[in-house]
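# Overview (structure and organization)
Here are the chains, one letter per residue:
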Amino acid sequence: EPEVTQTPSHQVTQMGQEVILRCVPISNHLYFYWYRQILGQKVEFLVSFYNNEISEKSEIFDDQFSVERPDGSNFTLKIRSTKLEDSAMYFCASMLERRNTGELFFGEGSRLTVL
Amino acid sequence: TQLLEQSPQFLSIQEGENLTVYCNSSSVFSSLQWYRQEPGEGPVLLVTVVTGGEVKKLKRLTFQFGDARKDSSLHITAAQPGDTGLYLCAGGSSGGYQKVTFGIGTKLQVIP
């Protein structure tokens, strides 16, 4: 069964360092998303991406964040200068546009720990 | 911003009991999804409800979409320890699915 894959599964970084989280969405899906979940809190929307551009972003997704689909398969989230409060689980998700029912398929997540 | 409120936030029951959890909003959604999330993993889609008043069954789980498409419920019959997890409802933003918003979830524990 097709799945969304994310790497790394866990990354530990120092405050101020750049981090890139990678995702390979399901191959025929066209909408891509990043969410984050701080431990014990809700799943929060960060950004959605369609047709090689950002569709919508939340107030969390400030200038320190960027997304890219560099090669038609990978979908990356970059945090330029990490802060302690960026520590969270980051989930990538994809959706098949044709059905357009809001059904997201999530990866297993990348746990980011900022020290 | 369309908000989804879930209740209760925590529920601990004995194996074999029935339970219902709720997802409510003041906004109308074209569809709502229910997901289940286990610790350290991503949410997994359970079901989508689209039509007001719709009822969908998935084995012992029954999902209902409110007539006005502002709320939904999940009923579990004869809960099993394997049902333990975080149950999330989610819905798209008005006009599309550029932003899918999640409720905070109901954390269910089924005690053997």
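Everything here concerns the structure above.
Right, let's walk through the structure included here. The shown structure was predicted, so the numbers you read here are calculated from the model rather than taken from an experiment. (Residues numbered from 1 in each chain as written. Chains lettered and ligands numbered in written order. Predicted model: local features only at pLDDT ≥ 70, side-chain atom pairs only at ≥ 80, totals over all residues. Heavy atoms only, no water.)

## Some thoughts on the overall build of chain B
Counting secondary structure elements, chain B contains zero helices and eleven strands. Traced from its N-terminal end to its C-terminal end, chain B shows the element sequence β-β-β-β-β-β-β-β-β-β-β. By the compact-globule yardstick of 13 Å for 112 residues, chain B fits well, its C-alpha radius of gyration being 13 Å. Principal axes of the C-alpha set define a box for chain B whose edges measure 45 × 30 × 20 Å. By the burial criterion, 49% of the 112 residues in chain B qualify as buried. Restricting to contacts in chain B with at least 6 residues of sequence separation, those with at least 24 account for 53%. Total accessible area on chain B stands at roughly 5,200 Å², and carbon and sulfur atoms take up 50% of it. Each charge class in chain B was averaged separately, 9 positive and 9 negative side chains, and the resulting centres sit 6 Å apart. (Helix = DSSP H or I, 4+ residues; strand = E, 2+ residues; numbered from the N terminus. Rg over C-alpha atoms; globule rule 2.2 N^0.38 Å. Buried < 20%, exposed > 50% of the residue type's maximum accessible area, 1.4 Å probe, protein only. Contact = heavy atoms within 4.5 Å. Areas by Shrake-Rupley, 256 points an atom, 1.4 Å probe, with all protein chains shown as cover. Lys, Arg positive; Asp, Glu negative; His and termini not counted. Charge placed at Lys NZ, Arg CZ, Asp CG, Glu CD.)

## Observations regarding the pattern of salt bridges
Going through the model one piece at a time under the given rule, you end up with four salt bridges over all chains. Of the charged contacts in the structure, one is a salt bridge between Arg36(A) and Glu44(A), with a shortest N-O distance of 3.1 Å. For Lys56(B), the salt bridge is made with Glu54(B), and the minimal N-O distance between the two is 3.8 Å. Residue classification places Glu54(B) among the buried positions, given a relative accessible area of 18%. (Salt bridge = Lys/Arg side-chain N within 4 Å of Asp/Glu carboxyl O.)

## Looking at the environment of Tyr33(A)
Residue and element names in this part refer to chain A. By the secondary structure assignment, tyrosine 33 is in strand 4 (residues 31-37). Given a relative accessible area of 0%, tyrosine 33 falls into the buried group. The spacing of tyrosine 33 and glutamine 6 is 27 residues in sequence and 12 Å in space, taken between C-alpha atoms.

## Things to note about the sheet that holds strand 1 (residues 5-7) of chain A
Residues and elements named next belong to chain A. Spatially, the four strands line up as an open sheet ordered 1-3-8-7, and their pairing is antiparallel. In this open sheet, the two strands that pair with only one neighbour each are strand 1 and strand 7 (65-68). Sheet twist, expressed as the mean angle between neighbouring strand axes with direction ignored, is 15 degrees. (Pairing = 2+ DSSP bridges. Axes fitted to C-alpha atoms, helices over the stretch in contact; angles between N-to-C directions.)

## Brief notes about the interface of chain B and chain A
Across the boundary between the two partners, chain B contributes 20 residues, which contact 22 residues of chain A. For the pair chain B and chain A, the two sides together bury roughly 1,800 Å², of which 57% comes from carbon and sulfur. The tally of links from chain B across to chain A stands at zero salt bridges. Between the two partners, chain B and chain A, sit five residue pairs in polar contact (both at pLDDT 80 or more). Counting residues per element, the ones that place at least two in the side of chain B that touches chain A are strand 4 (32-37), strand 5 (44-49), strand 9 (85-92) and strand 10 (100-102) of chain B. In the side of chain B that touches chain A, the residues fall into nine nonpolar, nine polar and two charged. (Buried area = accessible area lost by both parts, 1.4 Å probe. Polar contact = N/O pair within 3.5 Å; in protein donor to acceptor, adjacent residues only side chain to side chain. Nonpolar A, V, L, I, M, F, W, Y, C, P; charged D, E, K, R; others polar.)

## Points about the nonpolar core
Counting residues in hydrophobic clusters, the biggest one holds 22 residues, and the most contacted among them are Trp34(A), Leu46(A), Phe61(A), Val67(A), Phe75(A), Leu77(A) and Tyr90(A). For Val67(A), the contacting residues outside a window of four places in its chain are Trp34(A), Val47(A), Phe49(A), Ile54(A), Phe61(A), Phe75(A), Thr76(A) and Leu77(A). (Core = buried A, V, L, I, M, F, W, Y, C linked by side-chain atoms within 4.5 Å.)

## Remarks on the state of the cysteines
Taken as a whole, this structure holds two disulfides over all chains when the rule is applied. Linked covalently through their sulfurs, Cys23(A) and Cys92(A) form a disulfide whose S-S length is 1.9 Å. Where Cys23(A) bonds to Cys92(A) through sulfur, the torsion about that S-S bond is close to -65 degrees, and the disulfide is left-handed. Of this pair, Cys23(A) sits in strand 3 (residues 19-24) while Cys92(A) sits in strand 9 (residues 88-95), and the two are 69 residues apart along the sequence. The pair Cys23(A) / Cys92(A) is uniform in exposure class, with both members buried. The side chain of Cys23(B) participates in a disulfide bridge whose partner is Cys89(B); the two sulfur atoms lie 2.0 Å from each other. For the disulfide bridge between Cys23(B) and Cys89(B), the dihedral angle about the S-S bond is near 75 degrees, and by the sign convention the bridge is right-handed. Here the residue Cys23(B) occupies a position in strand 3 (residues 19-24), and Cys89(B) occupies one in strand 9, the gap between them amounting to 66 residues. Here Cys89(B) falls in the buried class, since its relative accessible area comes to 0%. (Disulfide = S-S within 2.5 Å.)

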